[in-house]
Amino acid sequence: MACMKLGSKSDAFQRQGQAWFCTTGLPSDIVVEVGEMSFHLHKFPLLSRSGVMERSIAEASQEGDDDDDKCHIKISDLPGGDKTFELIAKFCYGVKLELTASNVVHLRCAAEHLEMTEDHGEGNLISQTETFLNQVVLRSWKDSIKALQTCSEVSHHAEELNITKKCIESLAVRASTTTTDPNLFGWPVVEPMQSPGGSVLWNGISTGARVNNKHTSSDWWYEDASTLTFPLFKRLIEVMDSRGVREDIIAGSLTYYTRKHLPGLKRRRGGGGGGPEAASGRFSTTPMSSGSVLSEEEQKHLLEEILELLPVQRGLVPTKFFVDVLRVAKILKASPSCVADLEKRIGMQLDQAALEDLVMPSFSHTMETLYDVDSVQRILDHFLGTDQIMPVGGGGVGSPCSSVDDDGNLIGSPQTITPMSKVAKLIDGYLAEVAPDVNLKLPKFQALAASVPEYARLLDDGLYRAIDIYLKHHPWLAEAERENLCRLLDCQKLSLEACTHAAQNERLPLRVIVQVLFFEQLQLRTSVAGCFLVSDNLDGGSRQLRSGGFAGGSTEGGGGGWASAVRENQVLKVGMDSMRMRVCELEKECSNMRQEIEKLGKTTSKVGGGGGKTWENVSKRLGFGIKLKSHQMCSAQEGSVSKSNSENVKIEKLKDVKERRGKHKKASSISSER
């Protein structure tokens, strides 16, 4: 910390209890009371430097008793109190003292209060402190921060003298300039050379010194700025914003300040991210020292003020921060407008949230549910109201350039992965987390699940898992309620693993199980038919390779192609065998269920021998009669496959007959020649 030395005499002041005495050898003739401290001094050094002391001594001498040689003066409202007057007294006596960033603001304000101008002595305290403040303190970031911190103790006087404004302007200029060009204001333009160990090199020799990387990132000033009181910090942010500092840097400083001064915010370790979130990786998770912790009312006021300063642009502030602040806002009972604003901000970037962010406990007095499902519902509604839910470039679920693999991942164009798809997966995971809550009512669970558009879910496996967990922990639901809940599922969007699990799930209604089995059978038949086509194509390619090899001789390339074709054919045959076994099992299950349904139809209907019609009627009632067309297409495809196979067999037989006839003709010609 920079300092400026004043005076040349040795210290001649001694303290005895609550009194200071000047030990110059002369008896004191004036007593100055400042607060609870009294100073036994001499009149001439004081009145020769201060206009206020000169008038006060004159008035006290006129009103004083002639028998009492000492003059008593009481000074009230002196900026800095008795500690500052001690330094002023030493300055008046010419005793050595140091001006620093910690005391210059108090001395400047006290000198102004006591009228220590140049009219009462050359090089008086006002000019000395003003010079040190402008030429030393305001040119250093650390000294400016320290001086600005002391301004809060004498805020009224510092504002009148524009000291606070000067310090804020100095800090804003340095912070805003170094965030864009760190080579200005005293930092080197050319970085020093370093050894492999990291020390600075001078003429190729290691000096042992280390390079200070403090100013290499744009968040270097966050920690220093967070030590300011909020009114001063707010003014600093406003000045920086007016100077065009990037919004992500301002947002990072605001989140840093909030996390440091709100003990309720606990940052989770291990989170990644860029921009402000990367800077937040160094946030302090411990509150301020005891005695400096804000009260609940002050914390609530700070939270609401910070929220007004944060930029509204999407993605500048991590979603985790908004969720943590929302929790604290509910604990502190912040205003409804503050809570609504936080929910709206979370909804704007809900696709950037994690599952653990949404699992918020309920802070209501009624405690209807363990989790705040209503808040998540409002957040989702805000997200659905934004423009980002539309697929980019038409790459939605029905887009021809997108498809889903066996694991439920979207493949194809990168633009097809929309924020809505991420949110759908997030909501399905949240539903699975809150489903075990026995106090969660069916309408709330169903409303949240139904809020996600149908096109957003690539697969319904996550929704099926959430519904299954809810049915498991709510066994008292009626059959009608179960069926109503399961209507949210689209059996055609379930993977084979989910279909297998659902077919054996006793908690699901019978109607859903029948639908799952039906669509699973159609999927398997379609897959088997596709495998047949692929196998035929490979067989044709193998025959071409075989004929080409015989005609042109065996080559290394032809041998490699033949071997790869044989391996692929074997793999496909193994897969086809397993699919055939699975199809047979499903057909047996369907035939058993068909018999049961026919029995039910016979008991309810007088028409005999109408099993096939009954099956068609039941299929239509169950809602998948339309899908019979795809079944017919599959069977027709299988017929075409079998027909093409039979034609290939006939062609092979004709070739064999031609070869035999050719051999017989050659044999007969040879015998005739003999």
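The paragraphs below set out a description of the structure included in this document.

What counts, and where the lines are drawn
- Numbering of residues begins from 1 in every chain and follows the order in which that chain's sequence is written.
- The predicted nature of this model means local features are confined to residues of pLDDT at least 70 and side-chain atom pairs, given and counted, to a pLDDT of 80 or more, with totals for whole chains, interfaces and linings taken over all residues.
- The basis for the side-chain values is all heavy atoms of the structure; hydrogens and waters are excluded.
- Secondary structure elements are taken from DSSP: a helix is a run of H or I of four residues or more, a strand is a run of E of two residues or more, and numbering for both begins at the N terminus.
- Each residue's exposure class comes from its accessible area (1.4 Å probe, protein chains only) as a fraction of the maximum for that residue type: buried when under 20%, exposed when over 50%, partly exposed otherwise.
- Should any heavy atoms of two residues lie within 4.5 Å, those residues are counted as being in contact.
- All accessible areas in this document rest on Shrake-Rupley with a 1.4 Å probe, and a residue is counted as covered only by the protein chains that are shown.
- In short, DSSP must find at least two bridges between two strands for them to pair.
- What counts as an axis is a line fitted to C-alpha atoms, over the stretch in contact for a helix, and the angles between N-to-C directions run from 0 to 180 degrees.
- Geometric relationships in this document are graded by angle, where less than 35 degrees denotes roughly parallel, more than 145 denotes roughly antiparallel, 65 to 115 denotes roughly perpendicular, and other angles denote oblique.
- Charged means Asp, Glu, Lys or Arg here, nonpolar means Ala, Val, Leu, Ile, Met, Phe, Trp, Tyr, Cys or Pro, and polar covers whatever is left, Gly included.
- Any N or O atom pair separated by 3.5 Å or less is treated as a polar contact, with the protein-specific requirement of one donor-capable and one acceptor-capable atom, and with residues adjacent in sequence counted only for side-chain atom pairs.
- Among buried residues, the Ala, Val, Leu, Ile, Met, Phe, Trp, Tyr and Cys ones that are joined through side-chain atoms within 4.5 Å form a nonpolar core.
- Ring pairs shown here join Phe, Tyr and Trp side chains whose ring centres sit within 6.5 Å, with only the six-membered ring taken for Trp; geometry is labelled stacked below 30 degrees between planes, edge-to-face above 60, and tilted in between.

### Remarks on the overall build of the protein chain
Secondary structure summary: the protein chain contains 26 helices and 11 strands in total. Counting all 674 residues of the protein chain, 41% fall into the buried class. A separation of at least 24 residues holds for 69% of the contacts in the protein chain among residues at least 6 apart in sequence. Put simply, the protein chain shows about 36900 Å² of open surface, and 53% of that area lies on carbon and sulfur atoms.

### Quick look at the sheet that holds strand 4 (residues 30-34)
The strands making up a sheet associate through backbone hydrogen bonding, with each pair oriented either parallel or antiparallel. Pairing within the open sheet is mixed, and its 5 strands lie in the order 2-3-5-4-6. A single partner strand is all that each edge strand has here, and the edge strands are strand 2 (13-16) and strand 6 (71-75). When strand polarity is set aside, the average angle formed by the axes of neighbouring strands in this sheet is 20 degrees. Strand direction decides the pairing type here: strand 4 and strand 6, joined by 5 bridges, are parallel. Paired with isoleucine 30 across the strands is cysteine 71, a residue of strand 6. Strands strand 2, strand 3 (19-22), strand 4, strand 5 (37-41) and strand 6 of the sheet are contacted by helix 3 (residues 81-93), whose axis makes an angle of about 10 degrees with strand 5.

### Thoughts on the packing of helix 19 (residues 442-451) against helix 20 (residues 461-473)
Contact pair helix 19 / helix 20: the axes reach a minimum separation of 12 Å and the direction vectors enclose 175 degrees. Relative to helix 20, the element helix 19 is oriented roughly antiparallel. The residues of helix 20 that touch helix 19, namely those facing Leu442, Phe445 and Ala449, are Leu463, Ala466, Ile467 and Tyr470. The residue makeup of the contact of helix 19 with helix 20, split by class, is 7 nonpolar, no polar and no charged.

### Description of unusual backbone geometry
Notably, glutamate 115 is not glycine yet its phi reads approximately 60 degrees, a positive angle. Within the chain, asparagine 162 stands out as a residue other than glycine whose phi angle is a positive 60 degrees.

### Observations concerning the side chain of arginine 345
For arginine 345, the position within the fold is in helix 15 (residues 336-348). In terms of polar contacts, arginine 345 uses its side chain to reach the backbone carbonyl oxygen of leucine 310, at 3.3 Å. Filtering out sequence-adjacent residues up to four positions away, arginine 345 remains in contact with Leu307, Leu310, Pro311, Val312 and Phe322.

### Concerning the nonpolar core
Within the largest apolar cluster, 152 residues are counted, with the highest numbers of intra-cluster contacts made by Val32, Leu41, Ile75, Trp221, Leu350, Ile427 and Phe445. Non-local contacts of isoleucine 75, meaning those with residues more than four positions away in its chain, are made with Val32, Glu33, Val34, Gly35, Met53, Phe85 and Leu114.

### As for the packing of aromatic side chains
Given two aromatic rings, their pairing is described by the distance between the two centres and the angle made by the two planes. Tallying each qualifying case throughout the model produces 9 aromatic pairs. Ring centres 5.4 Å apart and planes at 90 degrees place the aromatic pair phenylalanine 13 and tyrosine 93 in the edge-to-face group. On the criterion of sequence distance, the pair formed by phenylalanine 13 in strand 2 and tyrosine 93 in helix 3 is long-range, its members being 80 residues apart. On the accessibility criterion, tyrosine 93 (10% relative accessible area) is buried. Taken together, a centroid distance of 5.0 Å and an interplanar angle of 85 degrees make the contact between tryptophan 221 and tyrosine 222 edge-to-face. An aromatic cluster is present here, built from Trp221, Tyr222 and Tyr256 joined pairwise through their rings.

### A look at the environment of methionine 579
Looking at the element boundaries, methionine 579 is found in helix 24 (residues 556-604). Distance from methionine 579 to arginine 525, taken between C-alpha atoms, is 8.5 Å for residues 54 residues apart in sequence.

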